[in-house]
Each structure stands twice: as C-alpha cells, then as structure tokens.
Amino acid sequence: MIKFLSYKLKKLNPYIPGEQPYKKMIKLNTNENPYPPTQKIKNLLKNFNSYNLRLYPDPTTSNLRKNIAKRYKIKYEQIFVGNGSDEVLALSFLAFFCQKLPLIIPNITYSFYPVYCKLYNIKYKTIPLNKNLEITLNKMNIPNGGIIFANPNTPTGHAISYIEIINLIESHNDSVVLIDEAYINFGSESAIPLIKKYKNLLIVNTLSKAHSLAGIRIGFAIGSNHLIKGLEKVKNSFNSYPIDIISELIAVEAIKDIKYLKNKCNYIIYIRENLSKKLKLIGFRVLPSKANFILVKPINISAKDLFIKLRNHGILVRYFNNLNDYLRISIGTIQQMNYLLETIKWLYLLN
Ligand SMILES: Cc1ncc(COP(=O)(O)O)c(C=O)c1O
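Residues numbered from 1 in each chain as written. Predicted model: local features only at pLDDT ≥ 70, side-chain atom pairs only at ≥ 80, totals over all residues. Heavy atoms only, no water.

As named in an unreviewed UniProt entry, the chain is Histidinol-phosphate aminotransferase, taken from Candidatus Portiera aleyrodidarum. Under Subunit (unreviewed entry), UniProt gives the following word-for-word description of the chain: "Homodimer." For the chain, the Sequence similarities (unreviewed entry) comment in UniProt is given as "Belongs to the class-II pyridoxal-phosphate-dependent aminotransferase family. Histidinol-phosphate aminotransferase subfamily." (UniProt positions renumbered as here; feature names shortened; annotations may be inferred.)

Here you go:
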C-alpha cells in the first residue's frame, strides 16, 4: 500500500543486477571469474569449527585488514572493508559526496553510481565519453563535490593512464577522488601507491572478480587515515558487523595467494585477447579492454537480436539499454569462449 511508503522511495530508481539464471547456462553477463578461488579455501572450510558461529564477528575485520595491509605494503589504518564493494561505495557516497557542488561521474560507467546519488539526494554531473568510448578526465576539471570513475571503466574496459590520474588529482585537492578498481588486476596499473601523497584519494576494490569470490561479498577501500575514519563512522552508524566470520577467513586465504591470482589473471588476459582477435575477424567492433570482459558491436545483426539468440542457445551476455549497439561479454574459460564463437558463426550462417 503506497501510503505506508517513505517519500524517499518515490524518487528511487534501483540498480538492476545482471540475471542469475535458474537453469544451467554459460554465464557471461556479470563478469564473474570462470575459475575457482584458491584451493586453500577448500581445506579451510573442511576444518572450520561451526561452534565459532555462536559469536558475532570481529567488527573491525582486523585479520583481513592486516593481510590486505601486508599485501599492498600500506598501514592497517588505511584500509576499510565492507560487504562487497557495492557496500563500500554506498558508504563512501554518504561519507564524502553529500556536498553542495555536484559529484562528477562519466556518463557511461558502473550504473550503480547514479542510483546512490538518488538514494542520498546527491547532485551529480555526467561527463560524456569521447567517440572511442573512453573516459576524458580533462573534461572533469570543473568545480565539484567529488569525482568518481571506474578504472578500467565498465562496460567499456578502457583503462586510464597513471599520468592522467595524477594530473586529475593535482587539480582537485579540495574534493575526494574515488577510483573504483574492481577490474584492475586484468592488465592495468593501480593508483594505490598515490594514496601516500594524496590525502583525498580513495581506491575501492573487490574480491568478486580477480579473486573469484563474488559469492562471499567482500570489498575494500584504501585511502588516508582521515578518509578511512570517515567510512568507519558511517559504517558504525549503519551495521557494526558487515563481514561474517567465514567470509573473513576465506578472504584472508585469497589475499595471501598472490601467485595463484596472478597466474589466473594472466590466463584470463590471454583468453580475452584471443577472443577479441577472433571476433574482429568475424567483423565485430571490439573495444580494447583491460578488464575481464569485452564490449563488442556485432555486424549485420542488432546487439539486441544477438543477445536474444545467444540466450536461446544457452549463453547469457549483457545488453544495456543505454548502449544499445553493443554487448558486453565476460571472459569465460577457453571452452566457453570456443562455444560462444562457434554459436556466433552458426547464427551468421543461418542469417
Ligand atoms: C565497476 C564495479 N564496481 C563495483 C562492483 C561491485 O562489486 P562487488 O561484487 O564487490 O559488490 C562492480 C560489479 O560488477 C563493478 O562492475
């Protein structure tokens, strides 16, 4: 009944996540990792003592934060952990972007950003991508109450250079610059080393993609002590225990196994480049990607028609209403990519 709903709800336009199908399909629509997380997690779960579940988890997630600190050679106080990077982002919007001036967002990026703006009543201004669908950081040089972008961007896969990022931060030391590095492990350079110098820089990352742990919901932020304290204040006004005991233990194993992570990501990069080359040979436009997905424009068939036909053949890719000439394809296993290519070729023969 409408009368019971808060006035806030009327303005909300929630994020629509990619479909999680009930039947078995080749799932290439939400940039999950096709390979398992580190094998060390198997032993951990086998030996886990369920008696420990009586207790609330550690509200400071200290074990995981210590391990993240060690891995990135930063201080424990510079790390914040949340229930998926979606939660870390949501708390960051509340902590830093409720300002008089608008938040700056690329016009095509992770579509959750404008959703948070509406939730918190944050004014925002979108900056168009250039004709190659690349983020143009120099166009963001306008008065603002914060800047957010994903590097590499989604759904395009475009990565921004280190030097462009430094130029942007140097021109905006009065507002928080948040870089969402969800896809950073697939071939681009992290801005984490810059947090020592720039106190207004916040980097957000996730274990959902490169670490193959979308199922446990762990994300984290790295920034100056001041920004991290801001995030803790908001978190402790909302939910003291966002990370459960089992997820924290699993995440620690994943963070420690850097060798496995690097091998897996290099393999996904190899599959991505191979798939891109083969789709180009068919005539597709394929945008250069530094992520675990590619954005493609099919020929002689609309993106929407191809999306539907692939779906009918058991392959789920992502179609976006705001980018309707293109499809985003997550990188799967070699076998899945071969099946995708064969299906596309077959559909062209039938056309
Ligand atoms: C750019 C970007 N940031 C954040 C997220 C959310 O990741 P998580 O699973 O950590 O909530 C996604 C998920 O697809 C993403 O594409």
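**Looking at the site of the ligand**
Taken together, Gly-84, Ser-85, Asp-86, Tyr-110, Thr-154, Asp-180, Ala-182, Tyr-183, Thr-206, Ser-208, Lys-209 and Arg-217 make up the full set of residues adjacent to the ligand. In this structure, an oxygen atom belonging to the ligand sits 2.7 Å away from a side-chain N or O atom of Tyr-183. In this structure, an oxygen atom belonging to the ligand sits 2.6 Å away from a side-chain N or O atom of Ser-208. Relative to its free-state accessible area of 400 Å², the ligand is covered by the protein chains to the extent of 92%. Grouping the amino acids of the shell around the ligand by side-chain chemistry returns 3 nonpolar, 5 polar and 4 charged. (Near = heavy atom within 4 Å. Polar contact = N/O pair within 3.5 Å; in protein donor to acceptor, adjacent residues only side chain to side chain. Areas by Shrake-Rupley, 256 points an atom, 1.4 Å probe, with all protein chains shown as cover. Nonpolar A, V, L, I, M, F, W, Y, C, P; charged D, E, K, R; others polar.)

**Digging into helix 5 (residues 112-120)**
Residues Phe-112, Tyr-113, Val-115, Tyr-116, Cys-117 and Tyr-120 constitute the buried set of helix 5. Check the buried side of helix 5 and you find it contacts helix 1 (7-11), helix 4 (84-96), strand 3 (103-106), strand 4 (124-127), strand 5 (147-150) and strand 6 (177-180). Phi for Asn-121, located one or two positions after helix 5, is positive at around 60 degrees. (Buried < 20%, exposed > 50% of the residue type's maximum accessible area, 1.4 Å probe, protein only. Helix = DSSP H or I, 4+ residues; strand = E, 2+ residues; numbered from the N terminus. Contact = heavy atoms within 4.5 Å.)

**Side note on the domain arrangement of the chain**
Splitting the chain by domain gives domain 1 (2-36 + 259-350) and domain 2 (40-257). Centre-to-centre separation of domain 1 and domain 2, based on C-alpha positions: 23 Å. Contacts between the two partners involve 33 residues from domain 1 and, on the opposite side, 32 residues from domain 2. The contact between domain 1 and domain 2 buries some 2600 Å² in all, and 59% of this surface belongs to carbon and sulfur atoms. Linking domain 1 with domain 2 are 15 residue pairs in polar contact (both at pLDDT 80 or more). Within the residue set of the side of domain 1 that touches domain 2, elements represented by two or more residues are helix 1, helix 9 (258-282) and strand 10 (293-297). Counting residues per element, the side of domain 1 that touches domain 2 draws most heavily on helix 9, at 8 residues. Partitioned by chemical class, the residues of the side of domain 1 that touches domain 2 number 18 nonpolar, 6 polar and 9 charged. (Domains from an automatic or database assignment. Buried area = accessible area lost by both parts, 1.4 Å probe.)

**A word on the UniProt feature "modified residue: N6-(pyridoxal phosphate)lysine" (unreviewed entry) in the chain**
UniProt's entry tags Lys-209 with the feature "modified residue: N6-(pyridoxal phosphate)lysine" (unreviewed entry), counted in the numbering of this structure. What Lys-209 contacts, discounting residues up to four positions off in sequence, is Thr-30, Asn-31, Asn-33, Ala-182, Tyr-183, Phe-186 and Asn-292.

**Re the environment of Leu-101**
You can see Leu-101 is positioned in the loop between helix 4 and strand 3. Along the primary structure Leu-101 and Gly-223 are separated by 122 residues, whereas in three dimensions their C-alpha atoms are 22 Å apart. In this structure, Leu-101 is in contact with Pro-143, Asn-144 and Gly-145, ignoring residues within four places of it in sequence.

**Thoughts on the side chain of Ser-175**
Position of Ser-175 relative to the elements: it lies in the loop between helix 6 (162-170) and strand 6. Among the polar contacts listed, one links the side chain of Ser-175 to the side chain of Asn-144, at a separation of 2.7 Å. Ser-175 has contacts with Asn-144, Gly-145, Gly-146 and Asn-200, leaving out every residue within four places of it along the chain.

**Concerning the packing of aromatic side chains**
Throughout the structure, instances matching the rule amount to 15 aromatic pairs. On the numbers, 5.2 Å between centres and 85 degrees between planes, the contact of Phe-93 with Phe-97 is edge-to-face. The exposure class assigned to Phe-93 is buried, which follows from its relative accessible area of 0%. Ring centres of Tyr-183 and Phe-293 lie 5.0 Å apart, and the angle between their planes is 85 degrees; on these two criteria the pair is classed as edge-to-face. Here Phe-293 lies in strand 10 and Tyr-183 lies in the loop between strand 6 and strand 7 (201-206), a separation of 110 residues in the sequence. There is no split in this pair, since Tyr-183 and Phe-293 are both buried. Taken together, Tyr-15, Phe-93, Phe-97, Tyr-110, Phe-112, Tyr-113 and Tyr-116 form an aromatic cluster joined through their ring pairs. The side chain of Arg-65 reaches across the aromatic face of Tyr-76, ending 4.1 Å from its centre. Sitting over the face of the ring of Phe-293, Arg-328 holds its NZ or CZ atom 5.4 Å from the ring centroid. (Phe/Tyr/Trp six-rings, centres within 6.5 Å; stacked < 30°, edge-to-face > 60°. Lys NZ or Arg CZ within 6 Å of the ring centre and 35° of its normal.)

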